Amino acid sequence: MKNAFFFFGITNFQDMLPPMIDLLKKGENVWICIFDIVYKKKQFYYYKNCELKNYVNSILKSLKIKGTYRIDIYRDEDEKVYKSHYNVKKPELIFIQDIHHKYPLWLPDTGKSKLIYFPWGKDGINNLEKSYVNKKNIMLNILRHKEDEEYFEQKTGINSIYFGRIWDDYISLSKETKNLSFDNAFSQFKKVCFIPESWIA
């Protein structure tokens with residue numbers, strides 16, 4: 001497959017879902033990789049593989065996306081499985097946000113694939129320096145803040161562009177909530193408070 005998206009946590013979907021959908025709309029094929037491969041702060045630990053696949057499929061279905069894609073989920077023991085998949089698929093481009101991990105059991109090899117990096121902010125420079133990926137293969141930084149363009153260009157020497165608030169692009173398009181239908185679960189309570197771990201900048 002030509003394009004791969006590496007998701008290490010649910011927050012990665014915020015920035016990387018819009019470009020993934022755009023590629024699928026254009027007829028590009030996409031390999032969606034979900035990794036649960038750290039021994040602490042495991043964001044996907046409590047989700048079954050079928051739940052994660054249904055989550056992605058429900059989003060794409062609600063947006064009427066019919067592109068060619070494959071979803072693979074890799075857990076603690078799946079390093080060899082991933083390597084065999086990568087060697088077959090050999091994606092030309094990998095879209096990735098988390099390039100440094102404090103608690104990895106293993107890390108997915110990116111080989112000779114070119115990388116599109118989505119840093120969270122200026123701390124993305126530190127993550128880049130500590131990263132396990134080959135920095136020479138990063139061809140583009142997609143930034144969350146316009147004012148970071150010059151900073152990233154100077155510090156990394158990599159083409160760095162702010163395309164706007166891309167995470168807003170698909171917020172209101174999907175009405176499907178099959179995997180998050182809380183109505184029945186919380187109907188007995190008059191007030192419900194949600195405290196999210198992340199936020200929309």
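The preceding data block contains the structure.
Calculation rules
- Residues numbered from 1 in each chain as written.
- Predicted model: local features only at pLDDT ≥ 70, side-chain atom pairs only at ≥ 80, totals over all residues.
- Heavy atoms only, no water.
- Phe/Tyr/Trp six-rings, centres within 6.5 Å; stacked < 30°, edge-to-face > 60°.
- Helix = DSSP H or I, 4+ residues; strand = E, 2+ residues; numbered from the N terminus.
- Lys NZ or Arg CZ within 6 Å of the ring centre and 35° of its normal.
- Core = buried A, V, L, I, M, F, W, Y, C linked by side-chain atoms within 4.5 Å.
- Buried < 20%, exposed > 50% of the residue type's maximum accessible area, 1.4 Å probe, protein only.
- Contact = heavy atoms within 4.5 Å.
- Patch = residues over 30% accessible without salt bridge, like charges linked within 9 Å, V, L, I, M, F, W, Y side chains within 5 Å.
- Areas by Shrake-Rupley, 256 points an atom, 1.4 Å probe, with all protein chains shown as cover.
- Salt bridge = Lys/Arg side-chain N within 4 Å of Asp/Glu carboxyl O.
- Lys, Arg positive; Asp, Glu negative; His and termini not counted.
- Charge placed at Lys NZ, Arg CZ, Asp CG, Glu CD.
- Axes fitted to C-alpha atoms, helices over the stretch in contact; angles between N-to-C directions.
- Parallel < 35°, antiparallel > 145°, perpendicular 65-115°, else oblique.
- Left-handed = near helix turned anticlockwise from the far one by under 90°.
- Nonpolar A, V, L, I, M, F, W, Y, C, P; charged D, E, K, R; others polar.

(A) How the structure looks around the packing of aromatic side chains. Across all of its chains, the model carries 19 aromatic pairs by this definition. Ring geometry for Phe6 and Phe35: centres 5.0 Å apart, planes at 70°, overall edge-to-face. Taken together, the residues span a long stretch of sequence, with Phe6 in strand β1 (residues 3-7) and Phe35 in strand β2 (residues 30-35) at a distance of 29 residues. Here a set of aromatic residues connected by ring pairs shows up, and it is made of Phe6, Phe8, Trp31, Phe35, Tyr74, Tyr82, Tyr86 and Trp106. Its end group placed over the ring of Trp31, Lys89 keeps NZ or CZ at 5.5 Å from the ring centre. Geometry around Tyr151 places Lys122 over its ring, the cationic atom sitting 5.3 Å from the centre.

(B) Broad picture of the nonpolar core. Grouped together as the largest cluster of nonpolar side chains are 29 residues, with contacts concentrated most on Phe5, Phe7, Met20, Ile32, Ile34 and Phe95. Counting residues per element, the ones that place at least two in this core are β1, α1 (12-25), β2, α2 (49-62), β3 (69-74), β4 (93-96) and β6 (138-143). If one sorts the elements of this core by residue count, α1 sits on top with seven residues. Look past the residues within four positions of Ile34 in its chain and what remains in contact with it is Phe7, Phe13, Phe44, Leu52, Val56, Ile71, Asp72, Ile73 and Tyr74. With 20 residues, the next largest nonpolar core counts Trp31, Phe35, Ile96 and Leu115 among its residues.

(C) Spotlight on a positive patch on the surface. Taken together, the side chains of Lys40, Lys41, Lys102 and Lys130 define a basic patch exposed on the protein surface. Considering the arrangement of structural elements, one finds Lys130 in helix α4 (residues 124-130). On the accessibility criterion, Lys130 (56% relative accessible area) is exposed.

(D) Local environment of the packing of α1 against α2. Interhelical geometry of α1 versus α2 gives an angle of 55° and a closest axis separation of 12 Å. Looking at the two axes, α1 sits oblique to α2. The handedness of the crossing between α1 and α2 is right-handed. Contacts between α1 and α2 involve Phe13, Leu17, Met20, Ile21 and Leu24 on the former and, on the latter, Tyr55, Val56, Ile59 and Leu60. A breakdown of the residues in the contact of α1 with α2 according to their chemical character gives nine nonpolar, no polar and no charged.

(E) Representation of the pattern of salt bridges. Under the counting rule described, the total for this entry stands at nine salt bridges. A salt bridge links Arg75 to Asp36, with the nearest nitrogen and oxygen atoms 2.9 Å apart. Here the residue Arg75 occupies a position in the loop between β3 and α3 (79-89), and Asp36 occupies one in the loop between β2 and α2, the gap between them amounting to 39 residues. With a relative accessible area of 13%, Arg75 lands in the buried category. Arg70 is the partner of Asp72 in a salt bridge, and the nearest nitrogen-oxygen pair spans 2.6 Å. Take Asp72: its relative accessible area is 7%, and that puts it in the buried class.

That's the geometry; what it means functionally is another story.
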